[in-house]
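# Summary of the model geometry
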Amino acid sequence: MQEKRLVPMIDQTEIREINRQLALKITDDYSLILAKEEPIIVLVTLKGALFFAADLMREIGIPSQVDFVRVSSYGAGTQSSGKVAMSKEIETDIHGKHVLVLDEIVDSGRTLKFLSERFLKQGPRSLKLAALLSKPSRREVEINVDYIGREIPDRFVVGYGLDHANNYREMPFIGILD
Ligand code: IMP
Ligand code: MG
């Protein structure tokens, strides 16, 4: 097997700027609907959205509570299996709460569609979706993602939480795995 090459795509400075812009928009939108001191519930998809969530939450100027969900649609390869499975549920009662779901990348759209349908059944006051990256050309299901940091072409990317077979997550930048 040939060695994989890693080509830098989005550096640390750009990631920080993307998060800052997203946070500004999110803070603006929520300050219109939140009661005073009311926190939003941030639901983070493990493991990939870990770094994104940690950085974004600290940029958002409103109180928040965090919880985690684990979903997988990928095996060890770079192609989606087309199936979404949940392996860890949230522990928070989101009924009547303002909920923001964070994923690191939208590909086919299945993960966020699956999650939003599931969380909507639990009666949140509002439900919004945010993703650091999106590959619009790969969309297979219709899903409206409220906040997208950056659109990218159809390339497999790793770093800043994104993995290939669980590797590369700790890289501080995002690169294309060729
Ligand atoms: P979707 O359900 O097809 O939208 O896939 C979303 C999930 O697939 C993401 O949360 C990632 O975990 C994974 N994924 C999609 N594209 C990539 C990629 O380029 N690199 C790493 N993981 C990816
Ligand atoms: Mg993911």
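Keep in mind that this is a model prediction, so the values were computed, not measured.

### Some thoughts on the overall build of the protein
From N to C terminus, the protein includes three helices and nine strands. Its helices and strands taken in sequence order, the protein reads β-α-β-α-β-β-β-α-β-β-β-β from the N to the C terminus. Against the 2.2 N^0.38 benchmark of 16 Å for 178 residues, the protein shows a C-alpha radius of gyration of 16 Å, consistent with a compact globule. C-alpha extents for the protein along the principal axes are approximately 55 × 35 × 25 Å. For the protein, the residues scored as buried account for 44% of the 178 residues in total. Residue pairs in contact within the protein that sit at least 24 positions apart in sequence constitute 67% of those at least 6 positions apart. Accessible surface for the protein amounts to roughly 9400 Å². Of this, 49% is attributable to carbon and sulfur atoms. When the 24 basic and 26 acidic side-chain charges of the protein are each reduced to a single mean position, those positions are 3 Å apart.

### Observations concerning the nonpolar core
Core analysis: the largest hydrophobic core is formed by 30 residues, its most contacted members being Tyr30, Leu56, Leu100, Leu102, Leu133, Val157 and Ile174. Of all the secondary-structure elements, those providing two or more residues to this core are helix H1 (12–33), strand E2 (40–46), helix H2 (50–59), strand E5 (98–106), strand E6 (126–134) and strand E9 (174–177). Among the elements that take part in this core, H1 stands out by supplying six residues, more than any other. Excluding anything up to four places from it in sequence, Leu100 contacts Ile26, Tyr30, Ile40, Ile41, Val42, Leu43, Ile60, Lys128, Leu129, Ala130 and Tyr147. Counting residues in hydrophobic clusters, the runner-up holds 18 residues, among them Ile94, Val101, Val106 and Leu129.

### Here we look at the environment of Pro63
Take Pro63: it is sitting in the loop between H2 and strand E3 (64–74). Under the relative-accessibility criterion, Pro63 is labelled partly exposed at 42%. As for Pro63 and Thr27, which are separated by 36 residues in sequence, their C-alpha atoms are 10.0 Å apart. Those residues within four positions of Pro63 in sequence are excluded, and the remaining contacts are Glu37, Glu38, Pro39 and Ile40.

### Re the site of ligand 1
Within the structure, ligand 1 sits among 17 residues, and Ser108, Gly109, Thr111, Lys135 and Val157 are positioned closest to it. A distance of 2.9 Å is found between an oxygen atom of ligand 1 and a side-chain nitrogen or oxygen belonging to Glu104. Within the contact set of ligand 1, an oxygen atom lies 2.8 Å away from a backbone nitrogen or oxygen of Asp107. Here ligand 1, which alone exposes 490 Å², has 93% of that area covered by the protein. A total of four residues in the shell around ligand 1 trace back to one element, the largest contributor, which is E5. Here the shell around ligand 1 is built from residues that sort into six nonpolar, four polar and seven charged.

Reading guide: rules and limits
- Residues numbered from 1 in each chain as written.
- Chains lettered and ligands numbered in written order.
- Predicted model: local features only at pLDDT ≥ 70, side-chain atom pairs only at ≥ 80, totals over all residues.
- Heavy atoms only, no water.
- Helix = DSSP H or I, 4+ residues; strand = E, 2+ residues; numbered from the N terminus.
- Rg over C-alpha atoms; globule rule 2.2 N^0.38 Å.
- Buried < 20%, exposed > 50% of the residue type's maximum accessible area, 1.4 Å probe, protein only.
- Contact = heavy atoms within 4.5 Å.
- Areas by Shrake-Rupley, 256 points an atom, 1.4 Å probe, with all protein chains shown as cover.
- Lys, Arg positive; Asp, Glu negative; His and termini not counted.
- Charge placed at Lys NZ, Arg CZ, Asp CG, Glu CD.
- Core = buried A, V, L, I, M, F, W, Y, C linked by side-chain atoms within 4.5 Å.
- Near = heavy atom within 4 Å.
- Polar contact = N/O pair within 3.5 Å; in protein donor to acceptor, adjacent residues only side chain to side chain.
- Nonpolar A, V, L, I, M, F, W, Y, C, P; charged D, E, K, R; others polar.

Fair warning: the whole summary comes from geometry, so function is off the table for now.
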